[in-house]
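# Commentary on secondary and tertiary structure
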Amino acid sequence: MVGDEGVRALAQSAYLKNLKALYLENNHITDRGAQYIADSEVFSGLNVLNLYRNKIGDEGTRALAASKNLTHLVQLNLNFNQVRDAGAVSIFSSPQLKNLERVELAYNPLGRAGKEAWLRFKYKRKFSNLRKTGKRVNLEKNYINDMGVYVLLDSPYLNGITELNLSTNNLSDEAIIALAESPKLAGLQTLILAQNHITDRGAAALAASENIKNLKQLDLNYNMIGNPGAIALARSSNLSNLESLKLGQNKIGFLGARALKESSTLNNLTHPIFGFY
């Protein structure tokens, strides 16, 4: 076992200055060892640091996060350690570790804040590789959940888009409300939200949104929208430009269907609301 003293010896070595990857798995390294790594200029060229299955807690993790010697790190493995929320948050908020592309924190005693910070990081990395097709963003069947939508809305990737496909992503009303309230959707012409978990509350938020007045296509097939949601959509002046509204396989009954049929604002529809096309 290398242990903390072994790490200190490595950190002082004159022969490791060109090191790009350091693997120290299962070596009983504690916060003190992590501090040695953080303080050492010998490791300033590291791209990969693997500290799998050691005894590093928040103090050691914060030292790594604050290190000015680890700015080139791309991968950091802290699986099977003792990192809690404070340590995890420090990693993902660190300006020194802005080049990180992969962080492993499995089997640590993380609470809600730590898990959320890790998840946000993963989504940011995922969206950084997002490829737009013209002004279209297609995330169909990516299962990004509500958190993914929040991260997406905080990113620059929605700026100026005209089409957004978020079908089959386990989205709840909370994500739909966040979308409806975002001015980034002001230029949107097509919004696809099929096969999620949207109820009347989410439908009402869309109906009330002034940010989607330019929508021409709205796909809400295969959700959980009932009569109240359908009525809200039917009465919405914000959706008057719609040419296609899809509401198939929801929970809409007679009252909702009648409101849609008799709507004085949905005059531009060219396709059946309950059809599949």
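Because the structure is predicted, anything quoted here is derived from the model rather than measured.

### Remarks on the nonpolar core
Leu164, Leu166, Leu179, Leu193, Leu206, Leu220 and Leu247 are the most contacted members of the largest nonpolar core, which totals 47 residues. For this core, the secondary structure elements donating two or more residues are helix 5 (112–128), helix 6 (145–154), helix 7 (173–180), helix 8 (200–208), helix 9 (227–234) and helix 10 (254–261). Looking at this core element by element, the count peaks at six residues for helix 7. For Leu220, the residues in contact, after removing those within four places along its chain, are Leu193, Ile198, Leu206, Ile225, Leu233, Lys246, Leu247, Gly248 and Asn250. One finds Leu49, Ala63, Val83 and Leu105 within the second-largest nonpolar core, a separate group that totals 34 residues.

### Re the packing of helix 3 (residues 58–66) against helix 4 (residues 85–92)
Across the interface, helix 3 lies against helix 4 with an axial gap of 8 Å and an inter-helix angle of 10 degrees. By the angle class used here, helix 3 and helix 4 are roughly parallel. Along the contact surface, helix 3 presents Asp58, Thr61, Arg62 and Ala65, while helix 4 presents Asp85, Ala86, Gly87, Ser90 and Ile91. Looking at the contact of helix 3 with helix 4 residue by residue, the class counts come to three nonpolar, three polar and three charged.

### A look at the pattern of salt bridges
A side chain with one charge may pair with a side chain of the opposite charge, provided their charged atoms come close. This model, assessed by the stated rule, comprises six salt bridges. As a salt-bridge pair, Arg102 and Glu104 come within 2.6 Å of each other at their nearest N and O atoms. The structure contains a network of salt bridges with shared partners spanning Glu116, Arg120 and Asp154.

About the cut-offs
Residues numbered from 1 in each chain as written. Predicted model: local features only at pLDDT ≥ 70, side-chain atom pairs only at ≥ 80, totals over all residues. Heavy atoms only, no water. Core = buried A, V, L, I, M, F, W, Y, C linked by side-chain atoms within 4.5 Å. Buried < 20%, exposed > 50% of the residue type's maximum accessible area, 1.4 Å probe, protein only. Helix = DSSP H or I, 4+ residues; strand = E, 2+ residues; numbered from the N terminus. Contact = heavy atoms within 4.5 Å. Axes fitted to C-alpha atoms, helices over the stretch in contact; angles between N-to-C directions. Parallel < 35°, antiparallel > 145°, perpendicular 65-115°, else oblique. Nonpolar A, V, L, I, M, F, W, Y, C, P; charged D, E, K, R; others polar. Salt bridge = Lys/Arg side-chain N within 4 Å of Asp/Glu carboxyl O.

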